[in-house]
There are 2 protein chains.
Amino acid sequence: MHKPSNRLNFSGGPGALPETVLQQVQQAIAAVPEVGLSILGISHRSDWFAAVVQELEDNIRTLLGLNKEYHVLFLQGGATQQFSMIPMTLLRGKKTPAEYLHTGYWSGKALAEAKREGPIRVLWSGESENFSRLPSDAELDYSPDAPYLHYISNETVEGLQFQRMLGRDDVPRVCDMSSDFLSRPCAADRYAMIYAHAQKNIGPAGVTVVLLRDEILKDAPDDMPGFLNYHSHIKAHSIYNTPPVFSIYVVLLVTRWLLNEVGGLNNMAALNTQKAELLYRTLDQSDNFYRGHAAVADRSQMNVSFNLPSKELEQRFLQESSAAGFSGLAGHRSIGGMRASLYNGLTLSAVKELAGFMAEFKKANG
Amino acid sequence: MHKPSNRLNFSGGPGALPETVLQQVQQAIAAVPEVGLSILGISHRSDWFAAVVQELEDNIRTLLGLNKEYHVLFLQGGATQQFSMIPMTLLRGKKTPAEYLHTGYWSGKALAEAKREGPIRVLWSGESENFSRLPSDAELDYSPDAPYLHYISNETVEGLQFQRMLGRDDVPRVCDMSSDFLSRPCAADRYAMIYAHAQKNIGPAGVTVVLLRDEILKDAPDDMPGFLNYHSHIKAHSIYNTPPVFSIYVVLLVTRWLLNEVGGLNNMAALNTQKAELLYRTLDQSDNFYRGHAAVADRSQMNVSFNLPSKELEQRFLQESSAAGFSGLAGHRSIGGMRASLYNGLTLSAVKELAGFMAEFKKANG
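(A) Structural view of the overall build of chain A. Helix and strand counts for chain A come out as nine helices and twelve strands. In terms of overall dimensions, chain A has C-alpha extents of about 65 × 55 × 30 Å along its principal axes. Total accessible area computed for chain A in this model is approximately 13,300 Å², and 49% of it derives from carbon and sulfur atoms.

Written as structure tokens, this is what we have:
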């Protein structure tokens, strides 16, 4: 029986981080090299930390090719806080509805919070089809009058990912990229706002990246609590109140890794595609032993959700994979089954090992 | 010239953590011993993490002698988020004003946010006296009709600390203990609510502990965004959305240290008193070379704010102390001067070393 290893951690998040990043983090717990103090004891008001935030902003701009019209913020509260802050800011007092797609578990959470703040229209819902596919363009009848369009680029639970950009250029696009941010290029400058919590591809839980164009805030209410006001955070360069210093630092290390070791998002995307193709091939060549949840055209490169022929086999799969050192393979509690998450930090060799295990398991149990 | 050391980190926060905790955190970055995975890659939905939250709740209850009528929550957003959540929950729609004390920089922030949500009465303000002292009981005319009383037990910037409990037993006490939580016993069961971010005495930035009695939520509005609703967090045992797993784990390690190595809050308080007395003695015996900001009766055991006879000497003090390996001694940007923060993680020997340095510096420059 193997012990679990970080290398074989297929968790849906918080998930695997690159080994070289973990080594640097371990060092930083004792002392950040250029400071000499533990990362846990450095003031967020220090010059060093201001430089960390600046470098991280710059790295994200570089990775995405974003210009200075975009603010780059590091906030607390996860995507969940954004589910509320966005309609509080962009929808309160509006007459026409914002448009939301209901493509899975998480977009359902987003639209439930939006409804509290103003009118919304559900442009399309996959609920009756058990969130097994995404809509085609023909199914999406966008209105030019919507204050904004909101969608989730990758549904983490169901393993559905848009392989194209949605919406109209004359309506602000707001996209939750929590589970595929910085996993591939994304034409970020065509979005009015992108947000992503860190704990999938870019760091630990506790910090959320928000990119937004200054112009979408022009009608924003200015009477909100400071911590819910994007203006407060912009003005303070993400240090409005004590930020999650540690989490932000780890995200910086991951962006350095993306830039210097991976060589940018095209390379990252190529590697992520290889990983996903390998695993989906394992599903497709299993004679329906491994059954993918998502329609083939909408398969996620990040989360491969699948079932086995019976609950008993699923249970045995979890036990034996765990004994073999794999972890995080249980599906989300809302749908059960299996899920292998292939975030940036997970290596191709780990996916090869999983594919090998799956082939053996099928041979023994198929 | 010495390098800075964690041992001599007098930062106002994030601040020094116990050396044994840092060692365990370093190990956990590679692998949490009982799990085998990096703390940064463990799912917040795992049984292990549910047990972490439970043990941490229990440890805090044990340390404070709190019964099960109190919920113990771990939230994001810092004290700043509580500045808003509290009046959103307890003040909206109320006719009579909540009572706030304005005793320093941070209580000013709290009352500014409360004003947005409902009527408040400033019971006492130290602003005209430059926040150099705290009020006596005779200066506080509490109303029995207030929805609650809010105050800050320790003003981090000015170094003022209440050495008694305020308020009436028939009005809910709400206390921000961000900078002295778990530094001493506090008769917690006489408060309706206590909150404290972690980054002073109990952990890294990114998590805030909230203790509250169930009964104060009986009239709470139930139409708030989920992440601002205490009920959501109570129901979900602090895992309403992805919590800051790492920060919560570090706080658990600090509470274990408090229980098992320090031996509880009486011992912690005795040690903190020794540290503070030593440093204040250095001030008092300096022939007015080191000038404490706070009135003697209201001196904080956590933050010793002081000035030197001139800005030039203060600059030199910072430079030479830094060269000697000390760090974090610059005062808060709002008032300048010096500040030595003596949180739980800082040792008596570190304070002795600082007192020695201060005596030498005075001899050379006095």
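(B) Looking closely at the environment of Asn229 of chain B. All names here are of chain B. With respect to the helices, strands and loops of the structure, Asn229 is situated in the loop between strand 9 (208-213) and helix 5 (230-235). Separated by 140 residues in sequence, Asn229 and Thr89 have C-alpha atoms that sit 7.8 Å apart. Here the side chain of Asn229 touches Asp222 through a polar contact of 3.2 Å, side chain to side chain.

(C) The arrangement of the interface of chain B and chain A in detail. Listed per partner, the contact involves 56 residues of chain B and 56 residues of chain A. Across the chain B/chain A interface, buried area totals approximately 4,100 Å², and carbon plus sulfur atoms make up 58% of it. If you list the elements that add at least two residues to the side of chain B that touches chain A, you get helix 1 (19-30), helix 3 (78-90) and helix 6 (245-262) of chain B. In terms of residue count, the dominant contributor to the side of chain B that touches chain A is helix 1 of chain B (six residues). Classifying every residue of the side of chain B that touches chain A gives 24 nonpolar, 25 polar and seven charged.

(D) Main features of the pairing of strand 2 (residues 98-102) of chain B. Residues and elements named next belong to chain B. Burial within strand 2 is extensive, with five of its five residues counted as buried. Here strand 2 shows two buried faces, one formed by Ala98, Tyr100 and His102 and the other by Glu99 and Leu101. Pairing analysis gives five bridges linking strand 2 to strand 3 (residues 120-125), with the strands arranged parallel. When the sheet's bridge partners are listed, Leu101 is paired in strand 3 with Trp124. Crossover handedness for the path strand 2 to helix 4 (residues 105-115) to strand 3: right-handed. Sheet topology note: the strand 2/strand 4 (residues 149-152) ladder contains two bridges and is parallel. Note that in strand 4 the partner of Tyr100 across the bridge is His150.

(E) Here's a closer look at the sheet that holds strand 10 (residues 291-292) of chain B. All names here are of chain B. On the basis of which strands lie adjacent, the open sheet formed by three strands has the order 10-11-12 and antiparallel pairing. Sheet topology places strand 10 and strand 12 (338-341) at the edges, where each strand pairs with a single neighbour. For strand 11 (residues 303-307) and strand 12, the ladder comprises four bridges, and the chain directions are antiparallel. Considered in strand 12, the bridge of Ser305 is made with Arg339. Where helix 7 (residues 265-284) meets the sheet, it contacts strand 10, strand 11 and strand 12, and its direction lies at approximately 15 degrees from that of strand 11.

(F) The relation of the copies chain B and chain A, seen in detail. With an RMSD of 0.0 Å, the fit of chain B onto chain A corresponds to turning through 180 degrees and sliding 0.0 Å along the axis. Seen this way, the second copy is the image of the first under a two-fold rotation axis. Relative to the rotation axis, the C-alpha of Gln26 of chain B is the closest in chain B, positioned 2.6 Å from it. A shared interface surface links the copies, since 100% of the contact residues of chain B are contact residues in chain A too.

Thresholds applied
- Residues numbered from 1 in each chain as written.
- Chains lettered and ligands numbered in written order.
- Predicted model: local features only at pLDDT ≥ 70, side-chain atom pairs only at ≥ 80, totals over all residues.
- Heavy atoms only, no water.
- Helix = DSSP H or I, 4+ residues; strand = E, 2+ residues; numbered from the N terminus.
- Areas by Shrake-Rupley, 256 points an atom, 1.4 Å probe, with all protein chains shown as cover.
- Polar contact = N/O pair within 3.5 Å; in protein donor to acceptor, adjacent residues only side chain to side chain.
- Contact = heavy atoms within 4.5 Å.
- Buried area = accessible area lost by both parts, 1.4 Å probe.
- Nonpolar A, V, L, I, M, F, W, Y, C, P; charged D, E, K, R; others polar.
- Buried < 20%, exposed > 50% of the residue type's maximum accessible area, 1.4 Å probe, protein only.
- Pairing = 2+ DSSP bridges.
- Right-handed = clockwise from strand over helix to strand, strands pointing away.
- Axes fitted to C-alpha atoms, helices over the stretch in contact; angles between N-to-C directions.
- Least-squares fit on C-alpha atoms with pLDDT ≥ 70 in both.

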